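Below are the chains, spelled out letter by letter.
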Amino acid sequence: MNLAIAKGISMLQMAFIGAVLAGESALRMVGINNNPEWFAAVQENKIGACMGAWFFGNSIVSSFHSTGAFEVYFDGKEVFSKLKTGGLNAQQLFGDLDAAIQSHYTTQGGDLAQKSSAL
């Protein structure tokens, strides 16, 4: 549902930008012979209107695409998932990441302390 709404907003955004750039002829193509007042104001500042439509439209579309997901993977394994934990706790995130790194070096037959002191 959200994806369909986002696509619809993107299409409206592009149609508006196209109409602004085409000018009065775009309105005549769709059967509007009298220019609305707002369209005359938009025609006076085409660049501003196009930039506003671009930024405003993209911010709305991105809100429909946002899932709130934040996941951290280390060595192909999921270390942290905001969706699974229900929130973002930095202390938990760094603790889980540290445990994954320690586990990785332990299974690789090395000691992380020796590796870091060699640097």
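Computed from a predicted structure; not experimentally measured.

Cut-offs used in this document
- Residues numbered from 1 in each chain as written.
- Predicted model: local features only at pLDDT ≥ 70, side-chain atom pairs only at ≥ 80, totals over all residues.
- Heavy atoms only, no water.
- Helix = DSSP H or I, 4+ residues; strand = E, 2+ residues; numbered from the N terminus.
- Buried < 20%, exposed > 50% of the residue type's maximum accessible area, 1.4 Å probe, protein only.
- Contact = heavy atoms within 4.5 Å.
- Areas by Shrake-Rupley, 256 points an atom, 1.4 Å probe, with all protein chains shown as cover.
- Pairing = 2+ DSSP bridges.
- Axes fitted to C-alpha atoms, helices over the stretch in contact; angles between N-to-C directions.
- Parallel < 35°, antiparallel > 145°, perpendicular 65-115°, else oblique.
- Nonpolar A, V, L, I, M, F, W, Y, C, P; charged D, E, K, R; others polar.
- Phe/Tyr/Trp six-rings, centres within 6.5 Å; stacked < 30°, edge-to-face > 60°.
- Core = buried A, V, L, I, M, F, W, Y, C linked by side-chain atoms within 4.5 Å.

Looking at the overall build of the chain
Next, step 1: A count of helices and strands for the chain gives 7 helices and 2 strands.
Next, step 2: Starting at the N terminus and walking to the C terminus, you meet the elements of the chain as α-α-α-α-β-β-α-α-α.
Next, step 3: When the 119 residues of the chain are sorted by exposure, 18% land in the buried category.
Next, step 4: Intrachain contacts of the chain at a sequence separation of at least 6 include 41% that bridge at least 24 residues.
Next, step 5: Surface exposure of the chain reaches about 8,600 Å², of which carbon and sulfur atoms provide 60%.

So, the pairing of strand 2 (residues 77–81)
Next, step 1: Sheet analysis places strand 1 (residues 71–74) next to strand 2, joined by 4 bridges and oriented antiparallel. Counted as the bridge partner of glutamate 71 is serine 81 from strand 2.
Next, step 2: The hairpin formed by strand 1 and strand 2 contains 2 residues between the paired strands, and aspartate 75 there has a positive phi angle of roughly 55°.

Side note on the packing of helix 1 (residues 2–22) against helix 3 (residues 37–44)
Next, step 1: For the pair helix 1 and helix 3, the least separation of the axes is 9 Å and the interaxial angle reads 75°. Judged by the angle between their axes, helix 1 and helix 3 are roughly perpendicular. Residues Phe16, Ala19 and Val20 of helix 1 form the contact with helix 3, whose own contacting residues are Trp38, Phe39, Val42 and Gln43.
Next, step 2: Its residues assigned to classes, the contact of helix 1 with helix 3 comprises 6 nonpolar, 1 polar and no charged.

A word on the packing of aromatic side chains
Next, step 1: Under the counting rule described, the total for this entry stands at 3 aromatic pairs.
Next, step 2: A ring pair is formed by phenylalanine 16 and tryptophan 38, whose centres lie 6.5 Å apart and whose planes are at 20°; its orientation type is stacked. Linking phenylalanine 16 in helix 1 with tryptophan 38 in helix 3, this pair joins segments that are 22 residues apart in sequence.
Next, step 3: The rings of Phe16, Trp38 and Phe39 are connected pair by pair, giving a single aromatic cluster.

Some thoughts on the nonpolar core
Next, step 1: One finds Ile17, Val20, Val42, Ala49, Cys50 and Ala53 forming the largest nonpolar core, which totals 6 residues.
Next, step 2: Elements with a minimum of two residues in this core: helix 1 and helix 4 (46–65).
Next, step 3: At 3 residues, the largest contribution of residues to this core is made by helix 4.
Next, step 4: In contact with cysteine 50, not counting residues within four places along its chain, are Ile17, Val20 and Leu21.

A word on the packing of helix 1 against helix 4
Next, step 1: Two elements in contact, helix 1 and helix 4, have axes whose closest approach is 9 Å; the angle formed by their N-to-C orientations is 175°. In terms of their interaxial angle, helix 1 and helix 4 are classed as roughly antiparallel. Of the residues in helix 4, those in contact with Asn2, Leu3, Ile5, Ala6, Ile9, Ser10, Gln13, Met14, Phe16, Ile17, Val20 and Leu21 of helix 1 are Lys46, Ala49, Cys50, Ala53, Trp54, Gly57, Asn58, Ile60, Val61, Phe64 and His65.
Next, step 2: Residues that form the contact of helix 1 with helix 4 fall into these classes: 16 nonpolar, 6 polar and 1 charged.

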